[in-house]
Every structure is written in structure tokens, then in C-alpha cells.
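Results of the structural survey
One letter stands for each residue in the lines below.
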Amino acid sequence: MPVSGAAPGGRVAVPAAPAAGPAAERAAGGGSAGANGRAATLLNVAEAKYNNRLFDQALADLGRITTEHTTTPAAPAAYLLIARIREQQSRPNDAMAAYVEVRSRHARTEAAAEASYRLAQLTLRSKRPDRVAAARDILAQIPTAHVASSWAPRALAAKAALETREKITAPDAVLGTTASAALATNRVLIARFGNAPEAEAARWELGRGYDEAKRYDLAAAAFQDLGTRFPQTKYDAWWRAGELYEKRLKDKHAARAAYSKVPASSPNYVTAQKRRK
């Protein structure tokens, strides 16, 4: 079967100077000339080769960027693409090494935030005995080192999920006892990135965690906050809040108010309409 992009005769056509792709446009620094432009062109060509699964040729171009154009904006993106190729080749250790290079050489960049997140995922899949603790530590560093990055709330969400899955506990300042470490992580996510997409699930998980800890007041508040902040949420937040107010907190007024906000899309809508009366 011919390779996508192949020219007549079976040769793969890779343009010498293709139109800039997304990574190359970012790397060019808005059309900068000189070294930045040359590095961005190399990155764009490498991306074209990567998309055609010409991994060795792409790595050759990327190697030029990381050795000849180390200070250009293309360099962090080159390391990320190297890591993606190594993952495709089932060489996780080499991929991890590339992610480490981004973190050490370009620590303040958005690429470093992404590299840290992906490094944590590879670490978790590795065979090292401390992989859970190591991955958790890497994820915890991202929101501190990259406050404005979209990878920060994503890292906190991954950290909370890891803590839940591994049943990691820690002293909880709000509950005043030892509880799931995910509670504190989700609180940080909500407090610092309350409008991020990840904050929707964080509020749901926070409410569930408080419910399991029998802190029904905090659980109801978390579900109510979820329904308020994310009116189109996929979670049945107002129903859960209503049930807690009615059955656990014995607050009929709050229960009716919550039931009245259960959307028609909820599987409990009909029941909620009866209970609100």
C-alpha cells in the first residue's frame, strides 16, 4: 500500500519549505527571521515526516534543532516531538529522557509543563518501585512551576485521580482527620482554577469524598457549587444536593430549592419535581 503523501514512483514527497504548521508558527516567534526562522522550518519539516511515520528522518531534523538551535523557541517543541516519536517506537526511557531535557533546559516554558505531565504518565507506567510516589511528586510540581498553564489544572486532576485509585491518605485540615489525599488536591484545583474544565469533575469528586466521610453539609455545598458554576454539567449535582439536604441534613427548604433546579435532562427529574412541592 503506498505511503500517504507518496510521489509517483513510491517516493515520499516531503516539501523543503512547507507552510508553517501550528508548532512551527509558535516556534518562529511571530515571523522572526534568522535562526528562529530556520529552526521553525526544520521543525515543520520534521512534523511532516512524523505525520508520514518517517521517524528516523524526523529525528535527524529534530536533532539539528536541539544541537544547532538550542536557544530558539523551536527547541522545546523539538524535544517534545522527539519524545512523542520515542513513545511511538515503544522506547519509553528515551521518551522520558527527552521530557527531562525540556524540563531542565527550558524550565519556564509551556512545553516544560506538558513535558512534566507526560513524564509523570510514563513514570507511572514504568517498573520503578517508587513510580506512584515519583509520578505524584512530578504532578504536584506543575501547578507551582507553571501557574498560568492549562497543564496545571490537568496535573491536579491527574494527581487527585491517582490518589483516589491508589487509596493514598493524608491528614485533612478541613475534616480534622486522616482522609483521602484527593480531597485536598481537588480543593486546590477548585480554589486556584475554579473555572477550568477540570474543576467540574473536581467538585463532583469533592462532594463524593465528603459524602463518604459523612460530612454531608460539605458534600451538599460541593454539589450545589457544581450545579451553580456549571449549569450544563453532566453530573446530577442538584439531585445529589437535594437528597443530602432532605435525608441527611433534614433541611426541607434547602432540599426543595435544590430539587427545583434539577434539569430536565436528569434521570431523576420527574421525582425531583414531586419532591420540590
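Everything that follows concerns the structure shown earlier in this document.
Now for a look at the structure at hand.

Parameters at a glance
Residues numbered from 1 in each chain as written. Predicted model: local features only at pLDDT ≥ 70, side-chain atom pairs only at ≥ 80, totals over all residues. Heavy atoms only, no water. Helix = DSSP H or I, 4+ residues; strand = E, 2+ residues; numbered from the N terminus. Pairing = 2+ DSSP bridges. Core = buried A, V, L, I, M, F, W, Y, C linked by side-chain atoms within 4.5 Å. Buried < 20%, exposed > 50% of the residue type's maximum accessible area, 1.4 Å probe, protein only. Contact = heavy atoms within 4.5 Å. Salt bridge = Lys/Arg side-chain N within 4 Å of Asp/Glu carboxyl O. Arc of directions from axis to C-beta. Phe/Tyr/Trp six-rings, centres within 6.5 Å; stacked < 30°, edge-to-face > 60°. Axes fitted to C-alpha atoms, helices over the stretch in contact; angles between N-to-C directions. Parallel < 35°, antiparallel > 145°, perpendicular 65-115°, else oblique. Left-handed = near helix turned anticlockwise from the far one by under 90°. Nonpolar A, V, L, I, M, F, W, Y, C, P; charged D, E, K, R; others polar.

**Some remarks on the environment of A173**
Along the chain, A173 turns up in the loop between β1 (169-172) and β2 (177-180). For the pair A173 and A184, spaced eleven residues apart in the sequence, the C-alpha separation amounts to 8.3 Å.

**Brief notes about the pairing of β2**
With four bridges connecting them, β1 and β2 associate as antiparallel partners. Counted as the bridge partner of T169 is S180 from β2. Linking two consecutive strands that pair antiparallel, namely β1 and β2, is a turn of four residues; a positive phi of about 70° is found at G176 within it.

**What about the nonpolar core?**
Grouped together as the largest cluster of nonpolar side chains are 39 residues, with contacts concentrated most on L62, I65, I85 and Y99. Looking at this core, the elements that each hand over two or more residues are α2 (35-51), α3 (55-68), α4 (74-88), α5 (92-105), α6 (110-125), α7 (131-145) and α8 (151-165). With nine residues, the single largest contributor to this core is α4. Not counting residues up to four positions away in its chain, the partners in contact with Y99 are L80, A83, R84, E87, A115, R118, L119 and L122. Of all hydrophobic cores here, the second largest spans 33 residues; its members include L189, I190, L244 and V262.

**Looking at the pattern of salt bridges**
For the structure shown, the criterion picks out 17 salt bridges. With a shortest N-O distance of 3.0 Å, R187 and D172 are connected by a salt bridge. With R187 in helix α9 (residues 181-192) and D172 in strand β1, this pair connects stretches of sequence that are 15 residues apart. On the basis of relative accessibility, which here comes to 5%, the residue D172 falls in the buried class. Ionic pairing is found between D211 and R240, a salt bridge with its closest N-O pair at 3.0 Å. Remark: R240 occurs in helix α12 (residues 237-248) and D211 occurs in helix α10 (residues 198-212); sequence separation between them is 29 residues. Since its relative accessible area comes to 22%, R240 is described here as partly exposed. One network of salt bridges, with partners in common, ties together E243, E246, K247 and R275.

**A word on helix α13 (residues 252-259)**
Residues of α13 that are buried: A254, A255, A258 and Y259. Along the long axis of α13, the arc covered by the buried residues comes to 135°, so they all point the same way. Facing away from the buried side of α13, by more than 90 degrees, are the exposed residues K252 and H253.

**Focus on the packing of aromatic side chains**
By the definition in use, this model includes five aromatic pairs. Between Y50 and F55 the ring centres are 5.7 Å apart and the planes differ by 35°, which places this aromatic pair in the tilted class. Geometrically, the ring pair formed by Y117 and W151 is tilted, given 5.2 Å between the ring centres and 45° between the ring planes. Here the residue Y117 occupies a position in helix α6, and W151 occupies one in helix α8, the gap between them amounting to 34 residues. Comparing Y117 with W151, the two get one shared label, buried. Ring-pair connections join several aromatic residues into one group, and the members of that group are W204, F223 and Y235.

**Focus: unusual backbone geometry**
Of note, the phi angle at S90 is positive, near 60°, even though the residue is not glycine. In this structure, S90 sits in the loop between α4 and α5. Residue class for S90 comes out exposed when judged on its relative accessible area of 61%. The phi dihedral of K214 is positive, around 65°, even though this residue is not glycine.

**A few points about the packing of α10 against helix α11 (residues 216-229)**
Interaxial distance between α10 and α11 falls to 7 Å at its minimum, and their mutual angle equals 165°. Between α10 and α11, the angle is such that the two are roughly antiparallel. As for the relative orientation of α10 and α11, their crossing is left-handed in sense. Residues E200, R203, W204, L206, G207, R208, Y210 and D211 of α10 pack against Y216, L218, A219, A222, F223, D225, L226 and R229 of α11. Taken together, the residues that form the contact of α10 with α11 break down as nine nonpolar, one polar and six charged.

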